[in-house]
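Residue strings, one per chain:
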Amino acid sequence: MAPEPIPAAADVVHALPDPALVVDAAGVVVLANAEAVHMLEADPRGRHLSASIRVPAVLEAVTAAACGEGGASVDYELRVPMPRSFRAHVSCLGPAKGALIVLRDLTREQQIERMRADFVANASHELRTPLAALSGFLETILGAAKNDPKAQEKFLGLMRSQAERMRRLIDDLLSLSRIEMNEHLRPSDEVDLNQAAGHVRDVLSGMAKEQGCELQLVSDGPLMVAGSRDELVQVVQNLVENALKYAGSGKLVEIIVQRSGNWAEVSVKDHGPGIAEEHIPRLTERFYRVNVQESRSRGGTGLGLAIVKHIINRHRGKLAITSELGKGSTFTMKLPAKSS
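What you see is a predicted model; the values in this text were computed from it and never measured.

A. The environment of isoleucine 311, seen in detail. Structurally, isoleucine 311 can be placed in helix α9 (residues 304-314). Sequence separation between isoleucine 311 and phenylalanine 287 is 24 residues, and the spatial gap between their C-alpha atoms is 17 Å. Apart from the residues lying within four places of it in its own chain, the contact partners of isoleucine 311 are Ile179, Glu231, Gln234 and Val235.

B. Molecular detail of the nonpolar core. Counting residues in hydrophobic clusters, the biggest one holds 55 residues, and the most contacted among them are Leu193, Val240 and Met333. When residues no more than four places from it in sequence are discounted, the contact partners of leucine 193 are Leu223, Val225, Leu232, Val257, Ala264, Val266, Met333 and Leu335. Listed in part, the 22 residues of the second largest apolar core include Val55, Ala61, Ala65 and Ala99.

C. Just the side chain of aspartate 192, in detail. One can find aspartate 192 in strand β6 (residues 189-192). The buried charged residue aspartate 192 lacks any salt bridge, with arginine 229 as its nearest oppositely charged partner at 8.9 Å. The contacts of aspartate 192, once residues within four sequence positions are left out, are Pro222, Leu223 and Met224.

D. Geometry of the sheet that holds strand β7 (residues 214-219). Strand order across the open sheet formed by 5 strands is β7-β9-β10-β12-β11, with mixed pairing between neighbours. One side of each edge strand has no neighbouring strand; the edge strands of this open sheet are β7 and β11 (318-324). When strand polarity is set aside, the average angle formed by the axes of neighbouring strands in this sheet is 15 degrees. Here 7 bridges tie strand β10 (residues 263-270) to strand β12 (residues 328-336), and the two strands are oriented antiparallel to one another. Paired with glutamate 265 across the two strands is lysine 334, which belongs to β12. Against the sheet, helix α6 (residues 193-210) makes contact with β7, β9 (252-260), β10 and β12, and its axis sits at roughly 170 degrees relative to β7, the strand it touches most.

E. Structural detail: the packing of aromatic side chains. Applying the stated criterion across every chain yields a total of 2 aromatic pairs. Geometrically, the ring pair formed by tyrosine 76 and phenylalanine 86 is stacked, given 5.6 Å between the ring centres and 25 degrees between the ring planes. Here the residue tyrosine 76 occupies a position in strand β3 (residues 72-78), and phenylalanine 86 occupies one in strand β4 (residues 84-92), the gap between them amounting to 10 residues. Residue tyrosine 76 shares its accessibility class with phenylalanine 86, and that shared class is buried. Judged by centre distance (5.6 Å) and plane angle (40 degrees), the ring pair of phenylalanine 137 and phenylalanine 155 falls under tilted. With phenylalanine 137 in helix α4 (residues 107-142) and phenylalanine 155 in helix α5 (residues 149-181), this pair connects stretches of sequence that are 18 residues apart. A residue is classified by how much of its surface remains accessible, and phenylalanine 137, at 17% relative accessible area, is buried.

F. Inspection of the packing of α6 against helix α7 (residues 229-247) at higher detail. Close contact between α6 and α7 brings their axes to 9 Å; oriented N to C, the two are set at 40 degrees. Classified by the angle between their axes, α6 and α7 sit oblique to one another. Classified by chirality, the crossing of α7 by α6 is right-handed. Seen from α6, the contacting residues are Leu193, Gln195, Ala196, His199, Val200, Val203, Leu204, Met207 and Ala208; seen from α7, they are Arg229, Leu232, Val233, Val236, Gln237, Val240, Glu241, Leu244 and Lys245. Its residues assigned to classes, the contact of α6 with α7 comprises 12 nonpolar, 3 polar and 3 charged.

G. Quick look at the sheet that holds strand β2 (residues 29-32). Reading across from one edge, β2-β1-β5-β4-β3 is the order of the 5 strands in this open sheet, with antiparallel pairing throughout. Single-partner strands in this sheet number two, and they are β2 and β3. Put simply, the sheet's adjacent strands are angled 25 degrees from each other on average, direction ignored. By the bridge criterion, 7 bridges tie β4 to strand β5 (residues 99-105) in an arrangement that is antiparallel. Residue pairing across strands places phenylalanine 86 opposite aspartate 105, the latter belonging to β5. The sheet contacts of helix α3 (residues 56-66) involve β1 (20-23), β3, β4 and β5, and relative to β4 the element is tilted by about 10 degrees.

H. Spotlight on the pattern of salt bridges. Overall, the coordinates contain 12 salt bridges when judged by the stated rule. When the shortest N-O distance is used, the salt bridge between aspartate 202 and arginine 201 registers 3.2 Å.

I. Expanded view of the pairing of β5. Along β5, 5 of the 7 residues are buried, which leaves the element largely enclosed by surrounding structure. In this sheet, β5 lies alongside β1 in antiparallel orientation, the contact comprising 4 bridges. By the bridge assignment for β5, leucine 21 is matched with isoleucine 101. Linking two consecutive strands that pair antiparallel, namely β4 and β5, is a turn of 6 residues; a positive phi of about 125 degrees is found at glycine 94 within it.

J. Seen up close, the environment of arginine 178. Along the chain, arginine 178 falls in helix α5. Judged by relative accessible area, which is 52%, arginine 178 ranks as exposed. In sequence terms arginine 178 and isoleucine 112 are 66 residues apart; their C-alpha atoms lie 9.4 Å from each other.

Basis of the calculations
Residues numbered from 1 in each chain as written. Predicted model: local features only at pLDDT ≥ 70, side-chain atom pairs only at ≥ 80, totals over all residues. Heavy atoms only, no water. Helix = DSSP H or I, 4+ residues; strand = E, 2+ residues; numbered from the N terminus. Contact = heavy atoms within 4.5 Å. Core = buried A, V, L, I, M, F, W, Y, C linked by side-chain atoms within 4.5 Å. Buried < 20%, exposed > 50% of the residue type's maximum accessible area, 1.4 Å probe, protein only. Lys, Arg positive; Asp, Glu negative; His and termini not counted. Salt bridge = Lys/Arg side-chain N within 4 Å of Asp/Glu carboxyl O. Pairing = 2+ DSSP bridges. Axes fitted to C-alpha atoms, helices over the stretch in contact; angles between N-to-C directions. Phe/Tyr/Trp six-rings, centres within 6.5 Å; stacked < 30°, edge-to-face > 60°. Parallel < 35°, antiparallel > 145°, perpendicular 65-115°, else oblique. Left-handed = near helix turned anticlockwise from the far one by under 90°. Nonpolar A, V, L, I, M, F, W, Y, C, P; charged D, E, K, R; others polar.

Written out as structure tokens, the structure is:
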């Protein structure tokens, strides 16, 4: 029985699961699989490799391989539109015959490792306070309040609130980790920001009523973007919850949905005490709080705006924050709008 024919070079390149390109001896791309075209966001064939990959170390390795000097592996990073890490495996196809470049995306595995370290460091720090409180309450119940039902009831209630705080913290840490893990992958579903904002208004109307605050939605109608509906709802919900918790004294929180040029915007505007200018650049940092005690007393974890920032980054958008003491604050999510 005759052996199966060996696949042609083009078939092999197109069958590779990673982005792959073949260049000739002059460095011009002659083959590129679908994964490479998708990653580079353009078909590189017929152009010099430097038009698609502007990394000197990679180009030097390709030039050496194309001249028959052997292969190499080069790690490099791209900063725009999102930070991503890659490893380029460059192989010689023979003297003066060109080179094969296979690109491996290292972003996800590096993020997982970084998140694992961050999770341990942040969680251990933030969980220390409620755990110490729980330990103290237990000692009191087992000791001084051992035969005092009223004191036991009081301390059990405090223990419940601390346990709830730990649950919220763990939920937010896991949510942030999931978002960061996929931050380099842009979602592509079609989402109506007006509908998402209306959903948040309906869900949080009860909370607004408890705060004695009016929650208004101001919109010109449907406004479509490419994204993940659940994540964009989470952004608006986090911003509105913050406004109600910390600025409900202003008695009005507005959700404003509008188009501004090529941007689709959702703004959450409050009329509360405002935020001092020096705090604004740090608001989206993990666990950064303007007032630590107030945040904890209101059930805040210090992660809400970090989650907002990373979701907006994943959608290739921007977060704008403006505030003036005594006049309130406005948090605006700006996303690329879909063409009408």
